[in-house]
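# Inside the fold
Listed below, chain by chain, are the residues.
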Amino acid sequence: MGLSGIAYFIARRVLTLVVMLFVISVLIFSLLYLAPGNAVDILLGARPRTPETVKLLTEQYHLDEPFLAQYWIWLKGALHFDFGESIQTTLPVAHQIKERLPTSLLLAAYAFVLEMSFGLLFGILAARKRRTGVDRGIVAISVVGVSTPAFVSGVLMLFAFAVQLRWFPAFGAGEGFMDEVWHLTLPAISLAIVGTAYIVKHTRAAVISVLDQDYVTFARARGLSSVSVMLGYILRNSLISVLGLSAMILSFLVVGAVIVETTFSISGIGQLLVQAATSQDLPMIQGVGILVAAIVMIANLAADLAYLAFDPRIRLRSAK
Amino acid sequence: MTDLVATQGQARRRRLGSKLDFSRWLSWACFAFLGLVVVLALFGPLIAPRDPYAQDLALGLVKPSSEHWLGTDDLGRDVFSRVIAGTRTAVVGPVVIALGSMAIGNVLGVLAGYRGGRLDSTIMRWADLMFSLPSMLVIVVVAGTFGGGYWLSVGLLIALTAPFDARIIRGATIEQAPRPYVEAAKSVGLSDTRIMAMHVWPNVSPIAVANTCLVFASSLVSLAGLSFLGLGVSAGTPDWGLMVSEGRSLLFTNPVAVLAPATMIVLTATAMNLAGDWVYDRLSAQGAIR
Amino acid sequence: MSQPLSTQSGAIRGTSGGLNVQKLRIERVGPHGAHTIVSEISLKVEPGETVGIVGESGSGKSMTAKAITGLLPPAFVASGQAIYNGRDLLALREREWQSVRGREIGLVMQNPFTMLNPVVRCGKIIEQSLRRDVRKRMNRRERRSEAIRRLAEVGIDDESVVDRYPFQLSGGMRQRVGIAAALAREPQILIADEPSTALDVTTQREILALIKSLQVARGMGLILITHDLRIAFSMCDQVNVLYAGSLVEAGPAADLEAEPLHPYTHGLLLSEPPADRRVAELVAIPGSVPTPDSVAGSCTFAPRCGWVRPECTSGTPPLRIVGDGRMSGCVRIEEIRPELAAHRARAGGTAVPTGSPGRVNTLITVNDVRKIFQSGGRDVAALRSVSIHVGEGEGVGLVGESGSGKSTLGRIIAGLERLSSGSIEIAGIDASDRSKLSRKDQRSLRSSVQMIFQDPYSSLNPMRTIGSTLQETISAHDPSAKNVERLVAELLLSVGLDPEHAQRKPAALSGGQHQRVAIARALAVKPRVLICDEPVAALDVSVQAQILNLFSSLRDERGIGYLFITHDLSIVRQVVERAYVMCRGSIVESGPVDDVLGSPKDPYTVRLLESVPRSSDDWLNLGRS
């Protein structure tokens, strides 16, 4: 019963994902028609409006076809990573995304590692030292952390560490992997602050509630060592509830990346999106928008599956 | 042996005592600061020593002095006055968002949690969709398409936050709905509307009020972020987020021009987050949540 | 302590002494100072001996267990001494405790549903609990078969249990796994904290019998913590009675049962309804259990005692020797001893006949009702063709264990749940589908049937005052009602509460008072039948009797009928004339209560009856037949 149940669960989740992506793609495609002004004028951007350019665009974007047919053509293109050409640069959107995506992913992964390690570390520490100065200090810092947007921490860190102290490079991408990581350190820290603060807060609450559980008391009553109670009981059960936060954390990463890349002038897709948004470069907005939405949703699905693997209660109950 | 235990007890007692004083002090400080922010938002123009819009290109950028307490920016505008004037922009939007989304979220959440059925699943599917889309992404995409603006962002943030609130309120409602006091109210013949409004909601309200504070803090940060990106208020408006963005290039000459609005953002959001926690502790101690 | 298993069992046990707790005091330290939880209690356990700690909620009995095992929650501080093997346990540090817990003193906790780590398989739980040196010697296969052996020892013969998670097992099975885990390091003293309270009555006896047999087989000392005197008498050699944090009486179980030497123990024994006969009126102890601090410097029981004199409140009376092995905290015990005995003879001596059902008009008719729940995509039948009827002013019992469908049936009659098929008629109205009825019919149904719920604490809205809850109900029932405040006062008086309570919020009331208010609310719509779903199960024994007496006086005064849903046969015996016994969604037996309980026909009823705790030790032995 177990395996087929899990397969059913996954199949259902994947199906939901496809449906949601479909809805989002419709919404994103119709932006072209919802935007103020005529589709041709939007796609023209700053280029001169002549009968030739209008005809060219109409053909290229199939603007004379009915809406649904246009959507279908656009969707087929999007599935092959063809989102048209940027109005600003007239380069293919997909090409620019491909160039910038690795930097953004590296930044996000870097920040994620920082969030998870420091968030869990301080969250557990605060819970273990409950009601002491250490706990109070960590909680206070994490409240400030949650309230510090990435652009504020980014600007402050740039000023302090790159400009005044010159510990880190202020600009540039770096040569080679290690150097690139080095260049991304400040941005990653600033991106990770809000997420770390959230994880600290929730880990602390989760560990405290697990500490109060009967099963922890019973484990101690049986003489299990502190280490095995900590690892097998407290950590494992609180990790499950922290894992439930993953959608939130992911959302912070995406939002933060948009801001951090602008703050630190990193050529990632977040910066690309902001540039496109400020200049109404619609094909670019559509391309980056649907891509980021897809990445977020797939990552969420992965988190849900991890949840399933971690918590037998969900796994075995959903299998019924 | 007994003495040892006793002194341990005393030490613990002292620790708990000092914790109490500290948290009381903290909540006072936090409400005092929020009071100041409200006063600045209401009477900012009367308090500000100079016109926040007045440029003085001849003066240009200067460091803090007795004349300009926080110095000026590159256009010679008084930073202190601009920070004060920015309070209103910073507070109005989040207040509208917090109240708006909570109003929608409370009504939908209590309805969904109490009634269940199709209404419930519709609201929850909507929340799922919003949950999987980072709100800033949606706002940047929409703002890029429609040209951005403060009130557009406010409207979008209401629409994007409301499902989160509805979900939280729904969860709390579902916890209350099967309790005997609700069933007893049903069986003595009270109407559903009355049960929802007079019995369920009061018991959910600590969560609702606390969440309103958190929504305020997060939308303050989001709006400032959008202004920072150039997708929020129009250029030139005194706004904390925009000031941080504009002041970036001035870090060498007058870092205060960045530090002042940045500090205000962080302090206001922190105070509001703390206030949310405080309200939750207070109201739930009254016995609403067990 | 690294001897191999085999040599450990015999030699060491005989020589080592027991646990000696002296002047144990537990306090909770909070921002507003320290609160006493337990004040200076002393007790001893020898190997092979069973010592009971009996007390109601708030007596501090569970905290005593936690203090002896060094597991007090943060902010709780224990002082005094607990001498074991020449060491004072209370002075141990956490690291030192690890060698004591599990291998010297084991603990079984109350709630099997929360006691086991939900994400660890049962076999692994047992393996983890084995001593490190034992575990290290074994390979994977050996550890697994050791876990299987340990589970077999506690009566689980199904080997597949080692691969299952706790949430896949029933409560009784989980408690067995818990016991196996607690015994995995061969403790010499086992503390069992209400080990059977969260379980069904039939399972309860099996678990207690298991603990008893393991204790005898291993020669362990056993400390049994319970709220039920009958269980303590059947299991224990020595019984200590704890009240509001103080020991009020201690002595050999048999002597204590024959003649309690403290007014509290005396009252507790009498408020326990007997299962074999009906008594004229249950002897209830007035009031509710106070906090230890509020009765400091006086006899803790003085505020509720019928024999109180000024000397009782002039100082904390010490526990003193009052007979052969008997200790009592009552300063007047020699004086009032004959009086207590006479009182007992009067209250328990005569059984009154159950009122004969006679001919009454039928008020509720339930005909062939079925209820099917959807659970995880499967249909689960909660009720399979149930038919019952309740007459005007009649007391009817609905008896069964959890999962029997008894609560579902009650909720369907009260209109809180819909039936899947069948029909219900209440006072001449077809109540099978309430949503189809006219407003007038719905109203008249409400004033026919009202419900009282099990959990008194959540049956009142915590945010509203008692008065506003009652006022609202009165106005909803009769919008034209005048003088609502006077009606509220009358309602409160009729359930034995001071009208002043109208100003208070539920948090300021005790559990018994909550239940009284809930009854008052039901009375506000002037119902003809009250459906009571385990109305006293969450209350302390001393308070239970008060509420049961209230029910019977309301019946005498107002002619209200009852549908009494309960798992407790002794309660059924006291309050109803007719009873239905339910098992797995069906009614297996019905009839006048004296017949059903006196000469049960259905094997399930027989089993239920055998499970009712009795003081005699043959109660436990029956479990193995």
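As the structure is a computational prediction, the values presented were derived from the model and not from experiment.

## Let's talk about the overall build of chain A
- Counting its regular elements, chain A contains 14 helices and zero strands.
- Helices and strands appear in chain A in the N-to-C order α-α-α-α-α-α-α-α-α-α-α-α-α-α.
- Along the first, second and third principal axes, the C-alpha set of chain A runs to 85 × 60 × 35 Å.
- Residue burial in chain A is summarised as follows: out of 320 residues, 51% are buried.
- Carbon and sulfur atoms make up 69% of the accessible area of chain A, which amounts to about 14,600 Å² in all.
- Averaging the positions of the 23 positive and the 19 negative side-chain charges in chain A gives two centres separated by 19 Å.

## Brief notes about the side chain of C:Glu249
- Of note, C:Glu249 is situated in strand β10 (residues 246-252).
- Looking at C:Glu249, its side chain comes within polar contact range of the main-chain nitrogen of C:Leu261, at 2.7 Å.

## So, the interface of chain C and chain B
- Between chain C and chain B, the residue contacts involve 32 residues of the former and 28 residues of the latter.
- In total, chain C and chain B occlude about 2,700 Å² of area from one another, counting both sides; carbon and sulfur atoms represent 62% of this.
- A per-residue breakdown of the area chain C buries against chain B is headed by C:Pro462, C:Met463 and C:Glu472, which together make up 20% of the total.
- The shortest N-O distance in the salt bridge between B:Glu183 and C:Arg411 comes to 2.6 Å.

## Side note on the interface of chain B and chain A
- Counting residues at the interface gives 42 residues for chain B and 42 residues for chain A.
- Together chain B and chain A conceal approximately 3,800 Å² of surface at their shared face, both sides included; 81% is due to carbon and sulfur atoms.
- If you sort the residues of chain B by the area they bury against chain A, B:Leu137, B:Thr145 and B:Leu229 come out on top, with a joint share of 14%.
- Between the two partners, chain B and chain A, sit zero salt bridges.
- Across the contact surface, chain B and chain A share four residue pairs in polar contact (both at pLDDT 80 or more).
- Where the side of chain B that touches chain A is concerned, the elements lending two or more residues are α1 (2-47), α3 (117-131), α4 (135-146), α7 (192-229), α8 (240-247) and α9 (256-285) of chain B.
- The greatest single-element share of the side of chain B that touches chain A, amounting to ten residues, is contributed by α9(B).
- The class makeup of the residues in the side of chain B that touches chain A is 27 nonpolar, ten polar and five charged.

## Quick notes on the nonpolar core
- Core analysis: the largest hydrophobic core is formed by 127 residues, its most contacted members being A:Ile97, A:Phe151, B:Leu229 and B:Val244.
- A domain-level breakdown of this core finds at least three residues from each of domain 1 (2-79) and domain 2 (98-311) of chain A.
- Among residues more than four places away in sequence, those in contact with A:Phe151 are A:Ile259, A:Thr263, B:Val221, B:Ala224, B:Gly225, B:Phe228, B:Gly241, B:Val244 and B:Ile265.
- Listed in part, the 105 residues of the second largest apolar core include C:Val21, C:Val119, C:Cys122 and C:Leu222.

## Things to note about the sheet that holds strand β18 (residues 449-452) of chain C
All names here are of chain C.
- Judged by pairing direction, the sheet is mixed, and its six strands sit side by side in the order β18-β19-β20-β15-β21-β22 without closing on themselves. At either end of the open sheet lies a strand with only one pairing partner, and these are β18 and β22 (586-592). Taking the axes of each pair of neighbouring strands and ignoring which way they run, one obtains an average angle of 15 degrees across the sheet.
- Of the strand pairs in this sheet, strand β15 (residues 395-399) and strand β21 (residues 578-583) are connected by four bridges, and their pairing is parallel. Residue pairing in the sheet places Val399 in a bridge with Val581 of β21.
- Along the sheet, helix α19 (residues 541-558) contacts β15, β19 (529-533) and β20 (561-566); its crossing angle with β20, the most-contacted strand, is approximately 155 degrees.

## Re unusual backbone geometry
- Phi is positive for C:Glu186, close to 50 degrees, though the residue is something other than glycine.
- By the secondary structure assignment, C:Glu186 is in the loop between α8 (171-182) and β7 (189-193).

## Focus: the packing of aromatic side chains
Residues and elements named next belong to chain A.
- All told, the structure shown has 17 aromatic pairs over all chains when counted by the stated rule.
- Both rings, one in Tyr198 and one in Phe252, keep their centres 4.8 Å apart while their planes meet at 45 degrees; by these two values the pair is tilted. Within this pair, whereas Tyr198 is found in helix α8 (residues 176-211), its partner Phe252 is found in helix α11 (residues 246-263), the two being separated by 54 residues in sequence.
- Residues Tyr215 and Tyr233 carry aromatic rings whose centres are separated by 6.4 Å and whose planes lie at 45 degrees to one another, so their mutual orientation is tilted.

## Some thoughts on the pairing of strand β3 (residues 50-54) of chain C
Residues and elements named next belong to chain C.
- Across the five residues of β3, five count as buried, placing the element largely inside the fold.
- The two faces of β3 match: Thr50, Gly52 and Val54 on one face and Val51 and Ile53 on the other face are all buried.
- With five bridges joining them, β3 and strand β8 (residues 221-226) adopt parallel strand pairing. In the sheet register, Ile53 faces β8, and the bridge partner there is Ile225.

## Re helix α7 (residues 140-153) of chain C
Residues and elements named next belong to chain C.
- Relative to the 20 Å expected for 14 residues at 1.5 Å per residue, α7 spans 20 Å between its end C-alpha atoms, a close match to the ideal helical length.
- Taken residue by residue, α7 has Glu146, Ala147, Ile148, Arg150 and Leu151 as its buried positions.
- Its side-chain oxygen at 3.1 Å from the backbone nitrogen of Arg141, Asn139 defines the N-terminal cap of α7.
- Looking one or two residues beyond α7, the residue adopting positive phi is Gly155, at roughly 85 degrees.

## Comments concerning the pairing of strand β13 (residues 362-375) of chain C
Residues and elements named next belong to chain C.
- Bridge count for β13 against strand β14 (residues 378-391) is ten bridges, and the pairing is antiparallel. Residue Thr365 lies in a different strand from β14, and its bridge partner there is His389.
- Of the strand pairs in this sheet, β13 and strand β16 (residues 421-426) are connected by five bridges, and their pairing is antiparallel. In the sheet register, Asn367 faces β16, and the bridge partner there is Ser423.

## Things to note about the environment of C:Gly172
- Mapped onto the fold, C:Gly172 is located in helix α8.
- Not counting residues within four places of it along the chain, the set of residues in contact with C:Gly172 comprises C:Leu199, C:Thr203 and C:Ile207.

## Quick look at the sheet that holds strand β11 (residues 320-323) of chain C
Residues and elements named next belong to chain C.
- Spatial ordering of the open sheet is given by β6-β7-β8-β3-β9-β10-β12-β11, a layout of eight strands whose pairing is mixed. Edge strands, defined here as strands with exactly one partner in the open sheet, are β6 (105-108) and β11. Neighbour-to-neighbour, the strand axes of this sheet turn through a mean angle of 20 degrees, independent of strand direction.
- Strands in contact with helix α12 (residues 263-271) are β9 (238-243) and β10; relative to β9, the strand with the most contacts, it is inclined by about 100 degrees.

## Examining the domain arrangement of chain A
Residue and element names in this part refer to chain A.
- Per the domain assignment, the segments making up chain A are domain 1 (2-79) and domain 2 (98-311).
- Across the domain 1/domain 2 interface, buried area totals approximately 1,500 Å², and carbon plus sulfur atoms make up 82% of it.
- Among the residues domain 1 hides against domain 2, the three largest losses belong to Arg13, Leu17 and Ile28. Together they make up 32% of the total.
- Going through the elements one at a time, α1 (2-34) and α2 (39-44) are the ones with two or more residues in the side of domain 1 that touches domain 2.
- In the side of domain 1 that touches domain 2, the residues fall into 16 nonpolar, one polar and one charged.

## What to know about helix α18 (residues 511-524) of chain C
Residues and elements named next belong to chain C.
- Here α18 is 14 residues long and its end C-alpha atoms lie 20 Å apart, about the 20 Å a rise of 1.5 Å per residue gives.
- Here α18 lies mainly inside the structure; 13 of its 14 residues are buried.
- A positive backbone phi angle near 50 degrees is found at Lys526, which sits one or two residues after α18.

## Some details on the side chain of C:Glu194
Residues and elements named next belong to chain C.
- Considering the arrangement of structural elements, one finds Glu194 in the loop between β7 and α9 (201-218).
- Taking relative accessible area as the criterion, Glu194 reaches 6% and is therefore assigned buried.
- Among the polar contacts made by the side chain of Glu194, one reaches the side chain of Thr197 at a distance of 2.4 Å.
- Those residues in contact with Glu194 that sit more than four places away from it in its chain are Lys61, Gln110, Ile225, Thr226 and His227.

## A short note on the environment of C:Gly561
Residue and element names in this part refer to chain C.
- With respect to the secondary-structure elements, Gly561 resides in strand β20.
- Each C-alpha atom, one on Gly561 and one on Val390, is 8.0 Å from the other, the two residues being 171 residues apart in sequence.
- Beyond its immediate sequence surroundings of up to four residues, Gly561 is in contact with Gly393, Glu394, Arg528, Val529 and Leu530.

Parameters and conventions
- Residues numbered from 1 in each chain as written.
- Chains lettered and ligands numbered in written order.
- Predicted model: local features only at pLDDT ≥ 70, side-chain atom pairs only at ≥ 80, totals over all residues.
- Heavy atoms only, no water.
- Helix = DSSP H or I, 4+ residues; strand = E, 2+ residues; numbered from the N terminus.
- Buried < 20%, exposed > 50% of the residue type's maximum accessible area, 1.4 Å probe, protein only.
- Areas by Shrake-Rupley, 256 points an atom, 1.4 Å probe, with all protein chains shown as cover.
- Lys, Arg positive; Asp, Glu negative; His and termini not counted.
- Charge placed at Lys NZ, Arg CZ, Asp CG, Glu CD.
- Polar contact = N/O pair within 3.5 Å; in protein donor to acceptor, adjacent residues only side chain to side chain.
- Contact = heavy atoms within 4.5 Å.
- Buried area = accessible area lost by both parts, 1.4 Å probe.
- Salt bridge = Lys/Arg side-chain N within 4 Å of Asp/Glu carboxyl O.
- Nonpolar A, V, L, I, M, F, W, Y, C, P; charged D, E, K, R; others polar.
- Core = buried A, V, L, I, M, F, W, Y, C linked by side-chain atoms within 4.5 Å.
- Domains from an automatic or database assignment.
- Pairing = 2+ DSSP bridges.
- Axes fitted to C-alpha atoms, helices over the stretch in contact; angles between N-to-C directions.
- Phe/Tyr/Trp six-rings, centres within 6.5 Å; stacked < 30°, edge-to-face > 60°.
- Expected span 1.5 Å × (residues − 1).

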